[in-house]
Amino acid sequence: MQHDFGLTEAQVQRRLAFEAAAPHIESTLKAELGNRFGGAWLNEDGTQLIVGVTHEADADLVRSAGAEPQRVSRSLEQLEQVKAALDRNARSASKSIHAWYIDVTTNSVVVLAESSGMAKQRIDPFIALAGDKDGAIKVVPSEDAPRPFYDVRGADPFFTPNGGRCLIGFSVVGGFITAGHCGTVGTPTKGYNLVDQGVFQGSSFPGNDHAWVKVNSNWTPRGVINNSGGGTVAVTGSTVAPVGASVCRPSPSTGWRCGTIQSLNATIHYAEGVVTGLTRTNVCAGIGDSGGPWLSGTQAQGVTSGGSGNCTSGGTTYFQPVKEILNAYGLTLVVGG
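Residues numbered from 1 in each chain as written. Predicted model: local features only at pLDDT ≥ 70, side-chain atom pairs only at ≥ 80, totals over all residues. Heavy atoms only, no water.

Caption draft 1: Region of interest: the overall build of the protein chain. What the protein chain contains, in helices and strands, is six helices and 22 strands. Relative to a compact globule of 337 residues, whose C-alpha radius of gyration would be 20 Å, the protein chain shows 28 Å and is clearly more extended. Overall, the protein chain is about 85 × 50 × 40 Å in size when its C-alpha atoms are taken along their principal axes. When burial is assessed residue by residue, the protein chain has 45% of its 337 residues classed as buried. Put simply, 56% of the contacts in the protein chain that link residues at least 6 apart link residues at least 24 apart. By element, 51% of the accessible surface of the protein chain is carried by carbon and sulfur atoms, the whole surface being about 16,500 Å². Across the protein chain, the centroid of the 25 positively charged side chains sits 7 Å from that of the 28 negatively charged ones. (Helix = DSSP H or I, 4+ residues; strand = E, 2+ residues; numbered from the N terminus. Rg over C-alpha atoms; globule rule 2.2 N^0.38 Å. Buried < 20%, exposed > 50% of the residue type's maximum accessible area, 1.4 Å probe, protein only. Contact = heavy atoms within 4.5 Å. Areas by Shrake-Rupley, 256 points an atom, 1.4 Å probe, with all protein chains shown as cover. Lys, Arg positive; Asp, Glu negative; His and termini not counted. Charge placed at Lys NZ, Arg CZ, Asp CG, Glu CD.)

Written out as structure tokens, the structure is:
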């Protein structure tokens, strides 16, 4: 707050203290004023609560509660009725309408919409459906349409155009790491929700089995792993575990599986060629687990390359160590704890 608001430490403490007290004042006045309550908001420096009143006679009541009254034309209840009417007709809103909300500071219901003439023709019918007869709706130009944001989490699946499915290994600044055999440089990806996600920026297979994907602005890398049980596990670093250490890997298809590290710097002779520098484990894996994350405690260890066996009869799985991947592409691991 000192940085973003340009405040001193004392000013921050003063503001936080008042913000902590303001909700009680607001709820008390809302209950006492009833349908004459016009909403409440803090002033610009956050040290004064302003309360809208529809009757001047209520001004003294507001002052006695420690707030500043401001005369408004509409009660909060009236504004909520107008917004509720817009909500009921939300499916009638064209794509040129981006959002709508109650703005108590202007005592209006704001509709954010594109400002072009053609857009206005599509906006007017939607607003008419709200039955606003006293001008409560205020249309504000908005050229940037909101979009949803998605988290990049280890062990979540992603997809490539050829029908391939792999798992995210670990989040890095700008994207995530995975197995090299999951895609070549330039291959686009879609996320678990089939929304466009990113593009392979680096990939090596055989020889190595590692890659990294740069994600677009809809996706935010987080330092967590999907634990395949509805929660997440924080990744706190990438300290290499020794032979004999416990190691686990999650997967949406084969679940959370654990075992031990049997060897470091192993070499595999795949049909596609030789891959060196892998870590061997006695943990099983299955189809679609490629690229997924390996953890020892909360320390990132690597991403799934391949192996033998299955999770019914048991198996052996190899992973590409995470530090080699980070060093190969100059990446920084995102941690969450």
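Caption draft 2: Structural context of the state of the cysteines. Applying the stated rule across the entire model yields three disulfides. Two residues share a disulfide in this structure: C166 and C182, whose sulfurs sit 2.0 Å from each other. Every disulfide takes its handedness from the sign of the S-S torsion; for C166 and C182 that torsion is -95°, giving left-handed. Taken as a pair, C166 in strand β9 (residues 165-167) and C182 in the loop between β11 (175-178) and β12 (188-190) lie far apart in primary sequence, 16 residues in all. Grouping residues by exposure puts C166 and C182 together as buried. One disulfide bridge connects C248 with C258, the sulfur atoms lying 2.0 Å from each other. Judged by the sign of its S-S torsion, about 110°, the bond between C248 and C258 is right-handed. You can see C248 sitting in strand β17 (residues 246-249) and its partner C258 sitting in strand β18 (residues 257-270), a full 10 residues away along the chain. (Disulfide = S-S within 2.5 Å.)

Caption draft 3: A look at helix α2 (residues 9-33). If you check α2, its first and last C-alpha atoms are 36 Å apart, about what 25 residues at 1.5 Å a residue would give, namely 36 Å. The largest bend in α2 comes to about 30°, at A21, with the proline P23 one to four residues further on. Considered for burial, the residues of α2 that qualify are V12, R15, F18, A22, I25, L29 and L33. Looking at the packing, one finds that the buried side of α2 touches α1 (2-5), β1 (37-42), β2 (49-53) and α3 (59-64). One or two steps after α2, the chain reaches G34, where phi turns positive at roughly 60°. (Expected span 1.5 Å × (residues − 1). Bend = angle between axes of the 7 residues up to and from the residue.)

Caption draft 4: Summary view of the pattern of salt bridges. Inspection of the entire model under this criterion finds nine salt bridges. A salt bridge links R15 to E19, with the nearest nitrogen and oxygen atoms 2.7 Å apart. One end of the pair is R15 and the other is E19, both in helix α2 and four residues apart, which spans about a single turn. K190 is paired through a salt bridge with D196; the nearest N and O atoms lie 2.5 Å apart. (Salt bridge = Lys/Arg side-chain N within 4 Å of Asp/Glu carboxyl O.)

Caption draft 5: Broad picture of the sheet that holds strand β15 (residues 219-226). Read across the sheet, three strands follow the order β7-β15-β16 without closing on themselves; strand pairing throughout is mixed. At either end of the open sheet lies a strand with only one pairing partner, and these are β7 (150-154) and β16 (232-234). Neighbour-to-neighbour, the strand axes of the sheet open up by a mean angle of 60°, direction not taken into account. Across four bridges, β7 lies against β15 in parallel orientation. By the bridge assignment, V152 is partnered in β15 with P221. (Pairing = 2+ DSSP bridges. Axes fitted to C-alpha atoms, helices over the stretch in contact; angles between N-to-C directions.)

Caption draft 6: Focus on the pairing of β2. With five of five residues buried, β2 is to be regarded as a mostly interior element. Looking at chain direction, β1 and β2 are connected through four bridges and run antiparallel. Considered in β2, the bridge of W41 is made with I50. In this structure, the hairpin formed by β1 and β2 is closed by a connection of six residues, where G46 is found at a positive phi of approximately 70°. Two strands pair when backbone bridges link them, and β2 and strand β3 (residues 68-71) are joined in this way by four bridges, in the parallel orientation. Paired with I50 across the bridge in β3 is E68.

Caption draft 7: Examining the sheet that holds strand β4 (residues 97-103) more closely. In spatial order, the strands read β4-β5-β6; together these three strands make up an open sheet with mixed pairing. Edge positions in the sheet fall to β4 and β6 (137-141), since each has one partner strand and no second. Neighbour-to-neighbour, the strand axes of this sheet turn through a mean angle of 25°, independent of strand direction. Summarising the sheet, β4 and strand β5 (residues 108-113) pair through six bridges and their orientation is antiparallel. Looking at the pairing, A99 lines up with L112 of β5. Packed on one face of the sheet, helix α4 (residues 76-88) meets β4, β5 and β6 and runs near 160° to β4.

Caption draft 8: Spatial organisation of the packing of aromatic side chains. Under the definition given, this model contains seven aromatic pairs. Geometrically, the ring pair formed by F158 and F200 is tilted, given 6.2 Å between the ring centres and 55° between the ring planes. You can see F158 sitting in strand β8 (residues 157-159) and its partner F200 sitting in strand β13 (residues 196-204), a full 42 residues away along the chain. Judged by relative accessible area, F158 falls into the buried class, the value being 0%. Overall, the relative accessible area of 1% leaves F200 in the buried class. Ring pairs connect the aromatic residues Y150, Y192 and W219, which therefore count as one cluster. (Phe/Tyr/Trp six-rings, centres within 6.5 Å; stacked < 30°, edge-to-face > 60°.)

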